[in-house]
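So you can see what is in the structure, the chains are spelled out below.
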Amino acid sequence: MTEPQTPKQPQPAAFHYQALCGLSLALIFLAQLNQGELPLNVLCVLIGTLCLLSRLKLGPILLLVMIGGVQWWIQFRMFRGPAQRARALEIVDVVLCAGVVGFVAAHYRLQSIWQNMLPLDPRRRSGTPRRRFPWFRKQPPIMAEKRAQEQITPFELAGLVLSLPAWAVAAQILWALLPKQVEFIGLPPRVLQMIVVAWGLAVGFLVMRGVFSLWRFRQADAATAQLILQDALWKETRGEQRRIQRWLAWWKWEKRERGE
Amino acid sequence: MLTLRGWWFFVALLGLLAAALATATATFVLVCFAVLSWFLGQWALFAFRLRRAHGRLGIHREIWDDRTPLETLWARLPAEVRLTLESPVAFPYVWMVDRVPPLAQRVEGENATAGPLSAEQPLELGYRIECPAPGLLRFEGVKLQVADLQGFFSKTLFVRDVRVVRVLPALADARGQIPAVKRHNLIPLPGGHPHRRAGTGHELLDVRDYLPGDPPKLIAWKASARRDRLMTKELESEVPVRCTMFVDLSNSVRIGAVGRNALARIVEITASVLQANAAVRDLTGVCLFDEAQVKAYLRPGRGTRHLYEITNLLTDSACLLPRTDDVPLSRLLPTAYGVVQDLYPDWLDPGVNFMPLWLPFWAAQPAYTMPRRITPAKHWWSRSLHWLWRRLNDTPFGLRRGRASRFTAYYHRLYKARKQIAAVLAVLYDLGPGGLALLLEDDETCRGYVQRFLAEHQVPCPLPFYDDRGEYFFGSPGKIDVLAGALLQAVYRGRDNELFVLMADFLETGPHLEKLLRAVRVALARHHQVLVVCPWPPSVPMPQRKKIVGTLRVPSNSKSALRVPAEDDGIRSEPTTLQDWLGRASAARLHHAFAKVRQEFARMGVPVVLSAEHEAVGMVLHRLQRLRTLERGLR
């Protein structure tokens, strides 16, 4: 008796991330087209497509730079110089942000499949030795740990797509929190905004670091806790400990030399 | 935690955000905020998952043969390692590699795998190993590298799960063939006569003509009726043959990789002789000794329990690594640091094991605590000058090599490695609050603990073999006295003619053999037999022998085994490099030492064989056979 054959489910592959990149580029194109800029917009999408097809590692950063250039040009064309304007929640901005985040995330996930997922370890080498430069010695190439296409799941794709609007809304919230048209001790608003962003990031990092450190200390096992305490003691008394231990080491050698 | 890719992206993003804010490009600021919030969100999620998974990752390891899970392995028989990594926290990508113990060789499958990990989807791994020699197989655990889907964040973890599995010696017969059907047989087969001398046992040895005086109860009536004359049954002697093996565990035989050194070969020979003797119900004892003392002595005995007791003893001793006080600490630290990086990556984190960058410049090790050669004054009148010179050298004004080394990057790396290793070892070996400073300042203590740490993890460290004057570090003449004492004790305890097999390295002991030779003479005077098996380094070609040692008759087909083909010698006709010259010189020196040892023992009629020879086991058994058939009962 033959077993009934279940229809094989189509597995997501790298193609799906490429499609997501293409879709994100389309969103970017539409959003910027709405702002009334065609030639630079087309150039931006073309560069994005080229980065995708050529598997360029710097592709996402290049696209971000291009979008920055386009937006600066639109701003310059509208206001003839840097100008601040108050913005409410605009659907075009949300679409643009979602498109950019989608492209960046999908492209980096593709890089994990095409290039390497984990940092390269120079100790792990395999293959025929070759020179990177004529004056370098021959070495086998470093093994790159890539992610297999079969490991892509529908959930991660769906999760990424569904979370895109959330990041766009988060950007809007951050923008709303940023002080605008406010002067403080004679600083122009732009400088003040940069200071606020820098301080926000620094404080945020410190708080998160503190929280995770506390969490780690609470989770530590007995040996790790002993190591932490030992290190704390050593930090406080290393001068005294060093002096005592050196004296003991010297005394040991002297004793041996005297033949005692 | 941030990878190179993550750093580049984060820095570029901050730069673009700054540019957007500077040019007041509102839309692009929004775009940068969106990307930045996504990046920071991924970072927080990754850190959260790592913290949540801390201490909750578990591995389940099983070792299987073809059918069942195993608790002990056999050398030269393949086994499959099955590993499952379980985690209650989901990770999108985990790369897992199992650390194959040094004793084992991976013969099939990969010891690494990668993929997503979650409570419903554990990560599984399977590969086949084979151990070429007996010993202890130490599985440390698995190394994990966790990453996010974009490759921005990565963290190396190690899930410690130490499991030590005993690898018993291969059950081989005298010719070194592994039996396929029945592993061992402690009861002699019907018709076989392990004791060929007539005696008062129960097994029939022969039927012969009746002689006046023979007991009537031994008359073979059926045979007498057939031949029409009186025949008498002859029974075999049941006095067993005893054999005591003296196994050298000193540093000189431990040199080399685990399972591929002279000690592994000695253990293999001992186990083979033990099994062969057990098959014919002979008694075998073992004496393990090193340069300091007799480690263990088991009197000749038989039975399953005795067999396993000796086998376990040999197995536990087979993986010992050499240890010396003469190795500079700077040679040990890089190896130890690599092991700590692999096995205790979380203990090198600056949050728990901090190392100030400026400390090596400020608190470099002073000259007066460094190990130095003690050279006493040659004359009585120069003692004060000698003392003054030493004190001057110890001051900061003294001129000596390496005075400015504290400013080099090498010294800085070494100091950092030492501090972090010292902290880890102080916790591992429970040295107390001052243990860290002790290991940081006292070279001798630190060297001892680092060697112990490496030996426990079965990692061989690079050792020097000779000092500045060309003297061998591992000659250890002390073991001669220990062996001589043990041999005399065995002779004193011996009940009957025994075979004493001395498996010890005498090649580098120099002129210290006299005490042992005296003990051997005592043994020979008591009608015991002595055989010397000399451990031989596997990488050095064996000396070519034109004649067979002693009076042993070796089967003709073994002649080829004693001769080493020229292409296997490792010595080319014309050495071209310095390494070739050194290899040839040290091989010639060992050959000369072996010839000298053989000559010393040959004067007393004691044969000397090399452990690397394939016939070493056969020669021991041949000597036992001769003891059984020819010299039974002569005292």
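Note that the structure is a prediction, hence the values are computed from the model and not measured.

Parameters and conventions
Residues numbered from 1 in each chain as written. Chains lettered and ligands numbered in written order. Predicted model: local features only at pLDDT ≥ 70, side-chain atom pairs only at ≥ 80, totals over all residues. Heavy atoms only, no water. Helix = DSSP H or I, 4+ residues; strand = E, 2+ residues; numbered from the N terminus. Buried < 20%, exposed > 50% of the residue type's maximum accessible area, 1.4 Å probe, protein only. Contact = heavy atoms within 4.5 Å. Areas by Shrake-Rupley, 256 points an atom, 1.4 Å probe, with all protein chains shown as cover. Buried area = accessible area lost by both parts, 1.4 Å probe. Polar contact = N/O pair within 3.5 Å; in protein donor to acceptor, adjacent residues only side chain to side chain. Pairing = 2+ DSSP bridges. Axes fitted to C-alpha atoms, helices over the stretch in contact; angles between N-to-C directions. pLDDT = per-residue confidence, 0-100. Expected span 1.5 Å × (residues − 1). Arc of directions from axis to C-beta. Patch = residues over 30% accessible without salt bridge, like charges linked within 9 Å, V, L, I, M, F, W, Y side chains within 5 Å. Salt bridge = Lys/Arg side-chain N within 4 Å of Asp/Glu carboxyl O. Phe/Tyr/Trp six-rings, centres within 6.5 Å; stacked < 30°, edge-to-face > 60°. Parallel < 35°, antiparallel > 145°, perpendicular 65-115°, else oblique. Left-handed = near helix turned anticlockwise from the far one by under 90°. Core = buried A, V, L, I, M, F, W, Y, C linked by side-chain atoms within 4.5 Å. Domains from an automatic or database assignment.

A.B. asks: Residue-level account of the overall build of chain B, with values.
C.D. replies: Within chain B, the regular secondary structure consists of 17 helices and 17 strands. A buried classification covers 51% of the 635 residues belonging to chain B. Contacts spanning at least 24 positions in sequence make up 73% of the contacts within chain B whose residues lie at least 6 apart. Accessible surface for chain B amounts to roughly 30100 Å². Of this, 56% is attributable to carbon and sulfur atoms.

A.B. asks: I'd like to hear about the interface of chain B and chain A, residue by residue, with values.
C.D. replies: Counting residues at the interface gives 92 residues for chain B, matched by 78 residues for chain A. Taken as a group, Leu-30, Arg-51 and Leu-149 of chain B account for 9% of the area that chain B buries against chain A, more than any other trio of residues on that side. Across the contact surface, chain B and chain A share 19 residue pairs in polar contact (both at pLDDT 80 or more). At 21 residues, the largest contribution of residues to the side of chain B that touches chain A is made by helix α2 (residues 26-53) of chain B.

A.B. asks: Talk me through the sheet that holds strand β12 (residues 242-248) of chain B; I want residue IDs and the actual numbers.
C.D. replies: Residues and elements named next belong to chain B. Strands sit in the order β14-β13-β12-β15-β16-β17 across an open sheet of 6 strands; the sheet is mixed. Two strands lie at the open edges of the sheet, namely β14 (294-301) and β17 (608-610), each paired on one side alone. Each strand axis lies, on average, 15° off the axis of its neighbour in the sheet, ignoring direction. Against the sheet, helix α6 (residues 304-317) contacts β12, β13 (283-289) and β14, and its axis sits at roughly 25° relative to β13.

A.B. asks: Please give an account of the confidence of the model for chain B that cites residues and values.
C.D. replies: On average, residues of chain B carry a pLDDT of 82, and 88% of them reach 70 or more. Overall, residues 547-572 of chain B carries pLDDT values under 50, and its contacts beyond four positions in sequence, including any with other chains, amount to 31 contacts.

A.B. asks: Lay out α6 of chain B in plain terms, naming residues and giving numbers.
C.D. replies: Residues and elements named next belong to chain B. Taking 1.5 Å per residue as the helical rise, α6 with its 14 residues ought to reach 20 Å, and the 20 Å between its terminal C-alpha atoms agrees with that figure. Those residues of α6 that fall on the buried side of the exposure criterion are His-306, Leu-307, Ile-310, Thr-311, Leu-314, Thr-315 and Ser-317. Viewed end-on, α6 has its buried residues packed into an arc of 165°, placing them on one side of the element. In this fold, the buried residues of α6 make contact with β8 (135-147), β9 (154-168), β12, α5 (262-279), β13 and β14.

A.B. asks: Describe in detail the sheet that holds β8 of chain B, supporting the description with residues and values.
C.D. replies: All names here are of chain B. As summarised here, the arrangement of the 5 strands in space is β2-β9-β8-β4-β6, forming an open sheet in which the pairing is mixed. Two strands in the sheet have a free side with no partner beyond their single neighbour: β2 (72-74) and β6 (112-117). Ignoring which end each strand starts from, the neighbouring axes of this sheet average 30° apart. Sheet analysis places β8 next to β9, joined by 12 bridges and oriented antiparallel. Pairing of Leu-144 across the sheet is with Leu-157, part of β9.

A.B. asks: Explain helix α12 (residues 443-456) of chain B to me, and be specific about the residues and the numbers.
C.D. replies: Given a rise of 1.5 Å per residue, 14 residues ought to cover 20 Å, and the 20 Å separating the end C-alpha atoms of α12 of chain B matches this to within 8%. The buried fraction of α12 of chain B is high, at 10 of 14 residues. Asp-443, Thr-445, Cys-446, Arg-447, Gly-448, Tyr-449, Val-450, Gln-451, Phe-453 and Leu-454 of chain B are the residues of α12 of chain B that are buried. For α12 of chain B, the elements touching its buried residues are α7 (222-257) of chain A together with α7 (329-343), α10 (409-428) and α11 (435-441) of chain B. With a side-chain oxygen lying 3.2 Å from the backbone nitrogen of Glu-444 of chain B, the N-terminal cap of α12 of chain B falls on Asp-442 of chain B. Just downstream of α12 of chain B, Gln-458 of chain B is the residue with a positive phi angle, here 60°.

A.B. asks: I'd love a proper account of the environment of Leu-333 of chain B, names of residues and values included.
C.D. replies: Residue and element names in this part refer to chain B. Structurally, the position occupied by Leu-333 is in helix α7. Separated by 81 residues in sequence, Leu-333 and Leu-414 have C-alpha atoms that sit 7.2 Å apart. Setting aside residues no more than four positions away along its own chain, Leu-333 makes contact with Leu-414, Arg-418, Ile-421 and Val-450.

A.B. asks: Describe a nonpolar patch on the surface, and please don't skip the residues or the numbers.
C.D. replies: A surface patch of nonpolar side chains, about 520 Å² in accessible area, is lined by Val-191, Ile-195, Trp-199, Val-203, Val-207 and Val-211 of chain A. With respect to the secondary-structure elements, Ile-195 of chain A resides in helix α6 (residues 189-219).

A.B. asks: Quick one: what's the story with the pairing of strand β3 (residues 79-86) of chain B, residue by residue and with numbers?
C.D. replies: Residues and elements named next belong to chain B. Looking at chain direction, strand β1 (residues 58-64) and β3 are connected through 7 bridges and run antiparallel. Residue His-60 lies in a different strand from β3, and its bridge partner there is Thr-84. The sheet contact formed by β3 and strand β7 (residues 123-130) spans 7 bridges and is antiparallel. Within β7, the position partnered with Thr-84 by the bridge is Glu-124.

A.B. asks: Please set out the pattern of salt bridges residue by residue, giving values where relevant.
C.D. replies: Applying the stated criterion to the full structure yields 29 salt bridges over all chains. Note that Asp-349 of chain B and Arg-216 of chain A form a salt bridge whose closest N and O atoms lie 3.1 Å from each other. Of this pair, Asp-349 of chain B sits in the loop between α7 and α8 (359-362) while Arg-216 of chain A sits in helix α6, placing the two residues on different chains. The shortest N-O distance in the salt bridge between Glu-268 of chain B and Arg-265 of chain B comes to 3.6 Å. Taken together, the residues Glu-268 of chain B and Arg-265 of chain B, both in helix α5 and 3 residues apart, mark about one turn of the helix. Look at Glu-268 of chain B and you get buried, because its relative accessible area is 16%. Of the residues examined, Arg-265 of chain B reaches a relative accessible area of 21% and is grouped as partly exposed.

A.B. asks: Report on the packing of aromatic side chains, specifying residues and quantitative values.
C.D. replies: All names here are of chain B. Evaluation of the coordinates by the stated rule reveals 28 aromatic pairs over all chains. Judged by centre distance (5.9 Å) and plane angle (75°), the ring pair of Trp-38 and Phe-152 falls under edge-to-face. Placement of the pair is Trp-38 in helix α2 and Phe-152 in the loop between β8 and β9, with a sequence separation of 114 residues. This pair shows no difference in class: Trp-38 is buried, exactly as Phe-152 is.

A.B. asks: Before we move on, could you go through the side chain of Asp-442 of chain B and cite the residues and values that matter?
C.D. replies: You can see Asp-442 of chain B is positioned in the loop between α11 and α12. When its relative accessible area of 7% is taken as the criterion, Asp-442 of chain B is described as buried. Among the polar contacts listed, one links the side chain of Asp-442 of chain B to the side chain of Lys-252 of chain A, at a separation of 2.6 Å. Those residues in contact with Asp-442 of chain B that sit more than four places away from it in its chain are Ala-249 and Lys-252 of chain A together with Arg-418 of chain B.

A.B. asks: Can you lay out unusual backbone geometry for me, pointing to particular residues and giving the numbers?
C.D. replies: Residues and elements named next belong to chain B. Phi is positive for Asp-228, close to 65°, though the residue is something other than glycine. Along the polypeptide, Asp-228 turns up in the loop between α3 (221-227) and β11 (231-236). We classify Asp-228 as exposed; its relative accessible area is 71%.

A.B. asks: Run through the packing of helix α13 (residues 478-493) of chain B against helix α14 (residues 514-525) of chain B, naming residues and quoting values.
C.D. replies: Each pair of packed helices can be summarised by the angle the axes make with each other and by the distance between the axes. All names here are of chain B. At a minimum axis distance of 8 Å, the contact between α13 and α14 shows a crossing angle of 15°. Considering the angle they form, α13 stands roughly parallel to α14. Taken as a pair, α13 and α14 cross one another with a handedness that is left-handed. Here Ile-480, Asp-481, Leu-483, Ala-484, Leu-487, Leu-488 and Val-491 of α13 come into contact with α14, specifically with Lys-515, Leu-516, Ala-519, Val-520, Val-522 and Ala-523.

A.B. asks: Report on the nonpolar core, specifying residues and quantitative values.
C.D. replies: Ranked by internal contacts, the top residues of the largest apolar core, which has 105 residues, are Val-100 of chain A together with Phe-9, Val-35, Trp-38, Phe-39, Leu-73 and Leu-137 of chain B. Per-element accounting of this core gives the leading share, 16 residues, to α2 of chain B. A domain-level breakdown of this core finds at least three residues from each of domain 1 (4-52) and domain 2 (58-168) of chain B. The contacts of Leu-73 of chain B, once residues within four sequence positions are left out, are Ile-63, Ala-79, Ile-129, Cys-131, Leu-137, Val-165, Arg-166, Val-167 and Leu-168 of chain B. By size, the runner-up hydrophobic cluster in this structure holds 44 residues, among which are Ile-421, Ala-423, Val-424 and Leu-440 of chain B.

A.B. asks: Go over the side chain of Thr-3 of chain B, please, and point to the residues and values.
C.D. replies: Tracing the backbone through its elements, the reader meets Thr-3 of chain B in the segment before α1 (4-22). Take Thr-3 of chain B: its relative accessible area is 7%, and that puts it in the buried class. The residues contacting Thr-3 of chain B, other than those within four sequence positions of it, are Pro-119 of chain A together with Gly-151, Phe-152, Phe-153 and Ser-154 of chain B.

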